[in-house]
Amino acid sequence: MAEHNESAAYPVGLRLAGRRVVVLGGGQVAQRRLPALIAAGADVLLISPSATPSVEAMANAGEVRWERRGYADGDLDGAWYALISTDDPDANRAASAEAEARRVWAVRSDDAEAATAWTPATGRSEGVTVAVLTGHDPRRSAAVRDAIVEGLRDGSLTAPHFRTRPAAGHVALVGGGPGDPDLITVRGRRLLAGADVVIADRLGPRDLLDELPPHVEVIDAAKIPYGRAMAQEAINNALIEHAQAGKAVVRLKGGDPYVFGRGMEEAQALAEHGIPCTVVPGISSTISVPGAAGIPVTHRGVAHEFTVVSGHVAPDDERSLVDWEAVARLRGTLVLLMSVENIGAIAETLVRHGRAAATPVAVVQEGTTAAQRRVDATLATVGERVKAEGIRPPAVIVVGDVVTVGTGTGR
């Protein structure tokens, strides 16, 4: 007979949907474990005289049934799985003995050796569940799990799908964030790693393009401010053409796709052609760039609101949709995007309609990147300061008293 290792465990995935699971104890262990049991669809019975606020909220929401009492013999009758985590050692031992007698797999939070099951360190990424067991070293289990899940999420660990990709293509409109490649969302980075074609803006996180495999086709949308631009219709057509060829297409945009990014125009064009489209929100430069420069867009006792305005059309231009007189009356923070060219006229308009000429202004060029720089001024001086300092797009301009309450450290 072969020898067996008492510390070895046989990994298995339990399908607990609709099956009874008994949780003894409503403390921190239950708080950590209950969400996964609920997500698995288990019929959870919680037995505990008390519970943490989070566990109590789950019971109040009807996600678990809670009997406010201590453990009693027979509580594991009909259970498929048990989590024993009370603060009473005698109750834990008794429940463990009942589990053994009834052949119910049970986890013990206080004595792993006395348990018949161990809980692995688990993580999930895009339909994949990663479960790691390393015997008596839970910290290493968690570290291995985190490394695998992070690798799957950011594309550094590739695991191809072996099911045949459907003939129809798909487009993801991905907000790439303000410029720092680390500020793209996990989902956006994962979609980028699995793309066949990437159509990228100049303001997107360009460093991420260097990480793409050689077979990925990268198309530069060439939307350079105040210069040559690829017409929006041409971008729409490129998205449609590649998706109809059955490819996975990522439209990588700066910031968020729907904040002055014309993302909805692209989504509408794709919908007209019946092409599936996923929208992945991005970290908008309206908040992140001021934050990176040490400026909070709101601050207690200083600003109770912030307003975001596009300044690509001058205030006196008949095409402008902004009520500048109303904006000037606001007392909070004003965040201006695409306003470098028109900042002089914008500042004059704000002052003319009542905003104080001494109102602090900060101009942050290429925020969150290695080239970030900040120039401070007032509404009275910002027009000349921008010219004198040679500020160029992309830049975020912040108007308001919050400019002077931040750390001012920038990058």
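Rules of the game
Sequence order as written defines residue numbering, which begins from 1 separately in each chain. The predicted nature of this model means local features are confined to residues of pLDDT at least 70 and side-chain atom pairs, given and counted, to a pLDDT of 80 or more, with totals for whole chains, interfaces and linings taken over all residues. Think of the side-chain values as coming from all heavy atoms in the structure, minus any hydrogens and water. Between Lys or Arg on one side and Asp or Glu on the other, a salt bridge is scored when a side-chain nitrogen of the former is within 4 Å of a carboxyl oxygen of the latter. Three exposure classes are used, based on accessible area relative to the maximum for each residue type with a 1.4 Å probe and protein chains only: buried under 20%, partly exposed in between, and exposed over 50%. Only strands that DSSP links by at least two bridges are regarded as paired with each other. Put simply, DSSP marks the helices as runs of H or I at least four residues long and the strands as runs of E at least two long, and each gets a number from the N terminus on. Where helices are involved, their axes are fitted lines through C-alpha atoms of the stretch in contact, as for all axes, and angles between N-to-C directions lie from 0 to 180°. A contact between two residues is defined here by any heavy atoms of the two lying within 4.5 Å. The term nonpolar core refers to a set of buried residues drawn from Ala, Val, Leu, Ile, Met, Phe, Trp, Tyr and Cys, joined through side-chain atoms within 4.5 Å.

What to know about the pattern of salt bridges
One pass over the full model with this rule turns up 18 salt bridges. Taking the shortest distance from any N to any O, the salt bridge between Arg 69 and Glu 67 comes out at 2.8 Å. Overall, Glu 67 belongs to the partly exposed group, its relative accessible area being 32%. Between Asp 75 and Arg 69 there is a salt bridge; the shortest N-O distance is 2.8 Å. Here Asp 75 falls in the buried class, since its relative accessible area comes to 9%. Residue classification places Arg 69 among the partly exposed positions, given a relative accessible area of 29%. One network of salt bridges, in which partners are shared, links Asp 201, Arg 251, Lys 253 and Glu 266.

Quick look at the sheet that holds strand β2 (residues 43-47)
Spatially, five strands are ordered β3-β2-β1-β4-β5 in an open sheet, and the strand pairing comes out parallel. Looking along the sheet, the strands with just one partner apiece sit at the ends: β3 (65-67) and β5 (105-108). Recorded for the sheet is a direction-independent mean angle of 15° between the axes of neighbouring strands. Bridge analysis of strand β1 (residues 20-24) against strand β4 (residues 81-84) gives four bridges, and the strand direction is parallel. Each residue of the ladder has a partner; that of Val 21, found in β4, is Tyr 81. Against the sheet, helix α3 (residues 89-102) engages β1, β4 and β5, with an angle of about 160° to β5.

Here we look at the nonpolar core
Within soluble globular proteins, side chains that are nonpolar generally end up buried alongside one another. Ranked by size, the top nonpolar core spans 22 residues in total, and within it Leu 336, Leu 350, Val 363 and Val 382 carry the most contacts. Per-element tally for this core: the top contributor is helix α10 (residues 343-352), with four residues. Dropping the residues within four chain positions of it, Leu 336 is found in contact with Val 309, Trp 324, Ile 343, Ile 346, Ala 395, Val 396, Ile 397 and Val 399. Residues Val 21, Leu 37, Val 44 and Val 55 belong to the second largest nonpolar core, which totals 18 residues.

Looking at the environment of Gly 41
Residue position: Gly 41 is located in the loop between α1 (28-39) and β2. Take Gly 41: its relative accessible area is 35%, and that puts it in the partly exposed class. Separated by 22 residues in the primary sequence, Gly 41 and Glu 63 place their C-alpha atoms 9.4 Å from one another.

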